Amino acid sequence: MKIAVEVARAWHKGGGPDRPEVPLGVVATLALAGLTAHRKADVADWVRGRSPADFLRLARWVWRAVLAQRPDVLRMAAPIVGWLHGEGEQLAGRIKSTADAALAAGQLDLTGGDRRFDADLLGPVLGALRSPAATKVDAQMYTPGDVALALTSVMLGDVKQGQVFVDDTVGTGGLFRAAAQVVRDRGLDPTALTWYGADVDELAVAAAAVNSVLWQLGTNVVLYVGDPLAEPDWSEAAAQQKVQFQREVHALRGVLAALDLENTPR
């Protein structure tokens, strides 16, 4: 909660449009960067000592890695990475100040190690960014961890490998996190399950996509932006969309390999 409040305060202090997708993407970027570093302190020290332009370069590198390894995650996270191309010095300054605030509040202590399995940071961040006061957490999508754990312990029952877990109000994935914790406590691997989640809020779903990486849910994660009440067959539609996207990515990679862009004469 402290990190969420400090991120919201730093972002709104910079002035300009609210654009919650930008600071949410900044926090997501730091979380993913923390997974790749040998020591989380290295990331924090590097970011603090660099310019806004340098931080944008780091962010692009992080998301290029996501594109290479998990294009399906980038597909769903697209709404929170539109700022990567840069839109002027003022926005870049706000982005860097927000990143500095998240680090100063201890984000990497939470998302840079095993503690990330015990918390959903992106849920409170999104709630705080949407709060009119920008100093408290709006619980629109955030389910407290203890509540989520109690719910999923009952819902899962006798969980087995290959089981499907469905949340049609997935938000930022709080119930996914709790379910994965229950699965691990019972000696199973969350990657052996299939995770379906839908929500009308594209930013929440984007956060859930990033969280699925942080919580190591595996590649069998199917997310959907839409109204499950109005679209009862959403899970089938979401699965088809993911399969079609994977086919397109595979075809595009084949074309790029054939073009051999790295050896193009200059």
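Residues numbered from 1 in each chain as written. Predicted model: local features only at pLDDT ≥ 70, side-chain atom pairs only at ≥ 80, totals over all residues. Heavy atoms only, no water.

**Things to note about the sheet that holds strand β1 (residues 164-167)**
Strand order across the open sheet formed by 3 strands is β1-β2-β3, with parallel pairing between neighbours. If you trace the sheet from one side to the other, it starts and ends with β1 and β3 (221-225), each paired once. Averaged over neighbouring strand pairs, the angle between their axes works out to 10 degrees when direction is ignored. Bridge count between β1 and strand β2 (residues 194-199): 4 bridges; the pairing is parallel. Bridging across to β2, D167 finds its partner in G197. (Pairing = 2+ DSSP bridges. Helix = DSSP H or I, 4+ residues; strand = E, 2+ residues; numbered from the N terminus. Axes fitted to C-alpha atoms, helices over the stretch in contact; angles between N-to-C directions.)

**A closer look at the pattern of salt bridges**
Enumeration according to the criterion identifies 8 salt bridges in this entry. A salt bridge links E6 to R9; the nearest nitrogen and oxygen atoms lie 2.7 Å apart. Highlighted residues: E6 and R9, both in helix α1 (residues 2-13), separated by 3 residues, approximately one helical turn. Where salt bridges share partners, they join R70, D72 and K242 into one cluster. (Salt bridge = Lys/Arg side-chain N within 4 Å of Asp/Glu carboxyl O.)

**Structural notes on the pairing of β2**
In terms of burial, β2 is largely enclosed, as 5 of its 6 residues are buried. For the handedness criterion, the β-α-β arrangement of β1, helix α10 (residues 174-185) and β2 is classed as right-handed. Where β2 and β3 come together, 5 bridges link them in parallel fashion. Within β3, the position partnered with W195 by the bridge is V221. A crossover links β2 with its parallel partner β3, the connecting element being helix α11 (residues 202-214), and its sense is right-handed. (Buried < 20%, exposed > 50% of the residue type's maximum accessible area, 1.4 Å probe, protein only. Right-handed = clockwise from strand over helix to strand, strands pointing away.)

**Things to note about the packing of aromatic side chains**
Taken as a whole and assessed by the stated rule, the structure comprises 5 aromatic pairs. Between F165 and F176, the ring centres sit 5.8 Å apart and the planes meet at 70 degrees, which makes this aromatic pair edge-to-face. Here F176 lies in helix α10 and F165 lies in strand β1, a separation of 11 residues in the sequence. One exposure class covers both F165 and F176, and it is buried. (Phe/Tyr/Trp six-rings, centres within 6.5 Å; stacked < 30°, edge-to-face > 60°.)

**Here we look at α1**
Helix length check: α1 (12 residues) gives 16 Å between terminal C-alpha atoms against 16 Å at 1.5 Å per residue, within 8%. Buried positions along α1 lie against α2 (21-36), α6 (89-104), α7 (107-111) and α8 (122-130). Note on α1: the residue one or two positions beyond its end, G15, has a positive phi of about 75 degrees. (Expected span 1.5 Å × (residues − 1). Contact = heavy atoms within 4.5 Å.)

**Some words on the packing of α1 against α8**
For the pair α1 and α8, interaxial distance at closest approach is 8 Å and the crossing angle is 40 degrees. Classified by the angle between their axes, α1 and α8 sit oblique to one another. Where α1 crosses over α8, the handedness of that crossing is right-handed. Of the residues in α8, those in contact with A4, V5, V7, A8, W11 and H12 of α1 are P124, V125, A128 and L129. (Parallel < 35°, antiparallel > 145°, perpendicular 65-115°, else oblique. Left-handed = near helix turned anticlockwise from the far one by under 90°.)

**Regarding the packing of α2 against α8**
Direction vectors running N to C along α2 and α8 enclose 160 degrees, while the axes themselves pass 10 Å from each other. When the interaxial angle is binned, α2 and α8 end up roughly antiparallel. In the crossing of α2 with α8, the sense of the turn from one axis to the other is right-handed. Note on element contacts: α8 touches α2 through L122, V125, L126 and L129, opposite P23, L24, V27 and A28. Per-class residue counts for the contact of α2 with α8 are 8 nonpolar, no polar and no charged. (Nonpolar A, V, L, I, M, F, W, Y, C, P; charged D, E, K, R; others polar.)

**Structural notes on the environment of R186**
Secondary-structure assignment places R186 in the loop between α10 and β2. Among the residues examined, R186 registers a relative accessible area of 38% and is labelled partly exposed. Note: C-alpha distance between R186 and K160 (26 residues apart in sequence) is 9.7 Å.

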